Amino acid sequence: MELLNGAGATPAGDLIKDTSEATFMADVVEASQTVPVIVDFWAPWCGPCKTLGPALEAAVTAAKGAVKMVKVNVDENQMIAGQMRIQSIPTVYAFFQGQPVDGFQGALPASEIKGFIDRVVAAAGGEAPGAQLDEAVAAAEEMLEQGAAADAAETFAAILGEEPDHAAAYGGLVRAHIALGDLDQAEAILNGAPAAISTKPELEAAHAQLELARQASNAGPVAELAAAVEADPNNHQARFDLAQALHAAGRTEEAVAELLDLFRRDREWNEGAAKAQLFTIFDALKPNDPIVLNGRRKLSSMIFA
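One structure accompanies this document, and this report is about it.

## A few points about the state of the cysteines
Simply put, disulfide is the name for a covalent bond between the sulfur atoms of two cysteines.
Okay, step 1: For the structure on display, the rule yields 1 disulfide.
Okay, step 2: The disulfide partner of cysteine 46 is cysteine 49, and the S-S distance across this bridge is 2.3 Å. Taking the sign of the S-S torsion, 80 degrees for the link of cysteine 46 and cysteine 49, the bridge is right-handed.
Okay, step 3: Owing to a relative accessible area of 3%, cysteine 46 belongs among the buried residues under this scheme.
Okay, step 4: The buried category is assigned to cysteine 49, whose relative accessible area is 7%.

Right under this line is the structure:
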């Protein structure tokens, strides 16, 4: 499945180059008439430049032609540095249609560099890098909600082919396999997650959903467990099992209510199992889900009572 085309074919050598006073006009001013050009002012003796330069190059390469990069060694090109009034290095300017449109001084973390690149591309009227992938993720999520789990899995996999560290797509691929009932494959995918995204919220949510799906396969009958709890409200194991059965039946709010009741009765039962199960359910849902918001509020009021 091809998600990106056109600009994605731009050779890396055309995206990043060194410039000089003789070629600055062509490399920056003229080139920026059609695509934004990032200009990195650096020097061999500059420590922060040694980390910023490669990070900028990686971000520009990842943008797949939406932006270009030109490097200016200020020691060798002092006239350019003087004309641009470079006071310290590293300094980065973004040019579009021959004019500076954005810039910053000093080294930045990778996340802020990506944000800078996105701003520059958007200012030039382009589509921010990754926007197409985000649209594809949204489409795959919609497929998953509508029950087309196999199609969703294929789309998530295609996105990961473009960007292997895309946390939302990785979590989505795990959830698609859960929806297909292939829990072992979902676990294998989750265990193989790149280290850079292994603790991202999207993967933690997928892990929680996998845990709940495994519980659901062993859940008991709701009616029998409800009767056992009614007969003995202090039968904590029956109440815990009832909560699992309710969740397996799609009755999440009722499951949370039973777990909160269990926590209220004995918060230390089974090494705090009620609280742990509540957190698993909360992690599996979206953070702004009313069940999560209400459940966390009630749990907090009990913890700090």
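## Some details on the nonpolar core
Okay, step 1: Grouped together as the largest cluster of nonpolar side chains are 28 residues, with contacts concentrated most on Phe156, Ile159, Tyr170, Val174, Ile178 and Leu203.
Okay, step 2: Mapped by element, the contributors of at least two residues to this core are helix H6 (131-145), helix H7 (149-162), helix H8 (167-179), helix H9 (183-191) and helix H10 (201-217).
Okay, step 3: In terms of residue count, the dominant contributor to this core is H8 (7 residues).
Okay, step 4: If near-sequence neighbours (up to four positions away) are discounted, isoleucine 178 is found in contact with Leu183, Ala186, Ala206, Gln209, Leu210 and Ala213.
Okay, step 5: Counting 26 residues, the second largest nonpolar core, distinct from the first, contains Leu225, Ala245, Phe263 and Ala273.

## Describing helix H12 (residues 236-248)
Okay, step 1: With 13 residues, H12 extends 18 Å from end C-alpha to end C-alpha; this agrees with the ideal 18 Å at 1.5 Å per step.
Okay, step 2: Here H12 has its buried residues at His236, Ala238, Arg239, Phe240, Leu242, Ala243, Gln244, Ala245 and Leu246.
Okay, step 3: Structurally, H12 contributes buried residues whose contacts are with H10, helix H11 (222-231), helix H13 (252-265) and helix H14 (273-284).
Okay, step 4: Two residues or fewer after H12 comes glycine 250, characterised by a positive phi angle close to 85 degrees.

## Let's talk about the environment of valine 256
Okay, step 1: Among the structural elements, valine 256 can be located in helix H13.
Okay, step 2: Counting along the chain gives 158 residues from valine 256 to glycine 98, while the straight-line C-alpha distance between them is 59 Å.
Okay, step 3: If near-sequence neighbours (up to four positions away) are discounted, valine 256 is found in contact with Leu278, Ile281, Phe282, Ile291 and Gly295.

## Overview of H14
Okay, step 1: A rise of 1.5 Å per residue sets the reference length of H14, with its 12 residues, at 16 Å; its end C-alpha atoms lie 17 Å apart and thus fit the reference within 8%.
Okay, step 2: For H14, the secondary structure elements touched by its buried residues are H10, H12, H13 and helix H15 (290-303).

## What about the pairing of strand S3 (residues 68-73)?
Okay, step 1: Counting buried residues along S3, 5 of its 6 residues qualify, which places the element largely inside the surrounding structure.
Okay, step 2: Where strand S1 (residues 16-18) and S3 come together, 3 bridges link them in parallel fashion. Bridge pairing in S3 links lysine 17 to valine 70.
Okay, step 3: Of the pairings in the sheet, the one linking strand S2 (residues 37-42) to S3 comprises 6 bridges and is parallel in character.

## A word on unusual backbone geometry
Okay, step 1: Cis geometry marks the peptide bond from isoleucine 89 to proline 90; its omega dihedral reads 0 degrees.
Okay, step 2: Of note, proline 90 is situated in the loop between helix H4 (78-83) and strand S4 (91-96).
Okay, step 3: In this structure, lysine 64 takes a positive phi of about 55 degrees despite not being glycine.
Okay, step 4: Mapped onto the secondary structure, lysine 64 falls in the loop between helix H3 (47-62) and S3.
Okay, step 5: Although it is not a glycine, glutamate 271 adopts a positive phi angle of roughly 55 degrees.
Okay, step 6: Mapped onto the elements, glutamate 271 comes out in the loop between H13 and H14.

Conventions adopted
Residues numbered from 1 in each chain as written. Predicted model: local features only at pLDDT ≥ 70, side-chain atom pairs only at ≥ 80, totals over all residues. Heavy atoms only, no water. Disulfide = S-S within 2.5 Å. Buried < 20%, exposed > 50% of the residue type's maximum accessible area, 1.4 Å probe, protein only. Core = buried A, V, L, I, M, F, W, Y, C linked by side-chain atoms within 4.5 Å. Helix = DSSP H or I, 4+ residues; strand = E, 2+ residues; numbered from the N terminus. Contact = heavy atoms within 4.5 Å. Expected span 1.5 Å × (residues − 1). Pairing = 2+ DSSP bridges.

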